[in-house]
Structure formats: C-alpha cells, structure tokens
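# An overview of the molecular structure
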Amino acid sequence: AYVLTELAFWAVAFPVASTALYQSTGHWPDVINDTTDRTTVLGFIFAGANIARLLVPLRLGAALALAPWVDANIISKVGGDGDEKKDSANENA
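A brief look at the structure comes next. (Residues numbered from 1 in each chain as written. Predicted model: local features only at pLDDT ≥ 70, side-chain atom pairs only at ≥ 80, totals over all residues. Heavy atoms only, no water.)

This brings us to helix 3 (residues 56–78). If you check helix 3, its first and last C-alpha atoms are just 28 Å apart, much less than what 23 residues at 1.5 Å a residue would give, namely 33 Å. Where helix 3 bends most, the angle comes to about 50 degrees, and this point is valine 70. Those residues of helix 3 lying buried are Arg59, Ala63 and Val70. Tucked inside the fold, the buried residues of helix 3 contact helix 1 (2–25) and helix 2 (35–52). Positive backbone phi, at 95 degrees, marks glycine 79, one or two positions downstream of helix 3. (Helix = DSSP H or I, 4+ residues; strand = E, 2+ residues; numbered from the N terminus. Expected span 1.5 Å × (residues − 1). Bend = angle between axes of the 7 residues up to and from the residue. Buried < 20%, exposed > 50% of the residue type's maximum accessible area, 1.4 Å probe, protein only. Contact = heavy atoms within 4.5 Å.)

Relative to the assigned elements, threonine 5 resides in helix 1. Residue classification places threonine 5 among the buried residues on the basis of a relative accessible area of 10%. Of note is the side chain of threonine 5, whose polar atom sits 2.7 Å from the backbone oxygen of tyrosine 2. Setting aside chain neighbours within four positions, we find threonine 5 in contact with Arg59, Ala62, Ala63 and Leu66. (Polar contact = N/O pair within 3.5 Å; in protein donor to acceptor, adjacent residues only side chain to side chain.)

And the structure:
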C-alpha cells in the first residue's frame, strides 16, 4: 500500500514540476536533450518533495487505509499470502 502511495506521489510530481517550469519560463522542459531543463525540473521536484514532507503523516495514513484493499485485491490474487505455508506446517505437526 505504501508503494502505491509513493508511486502516486511521483506520478504527480513530474507533471506538476513540468507545468511549473512551463509557467515560469514559457516552454515545456526538454529533459532528454537540455541539461538546464533537466536540472530545473529536478529542482522543482526536490522543492516539492520538501514541501511534501509536511504531508508524510497523511501519506502514511493513506497507505494504512489502503492496506486492506491491497491485501484483498492484489496480494490475495498474486498469491503472496503465506497462509499456505502456515496450513502445511500445521498439517505436518
């Protein structure tokens, strides 16, 4: 669940940083060819990450709230539950 909240944060961080660069300079960043744009976008992301540190308790709370959903919809379908090992150990005892 925490991985999902982190992925959501970073999925939002890059577009927001790119939009901030566009708003301040008037052009979209060229992060592949222009090192200045790449550095500027990374700077915006770094600044945003520092501001987001204030929201760490909220992000952790969201991860804890998502844990049952992740368990029911992802972990149980992938098979990473581990109940099978417990059941087989109990049968052998």
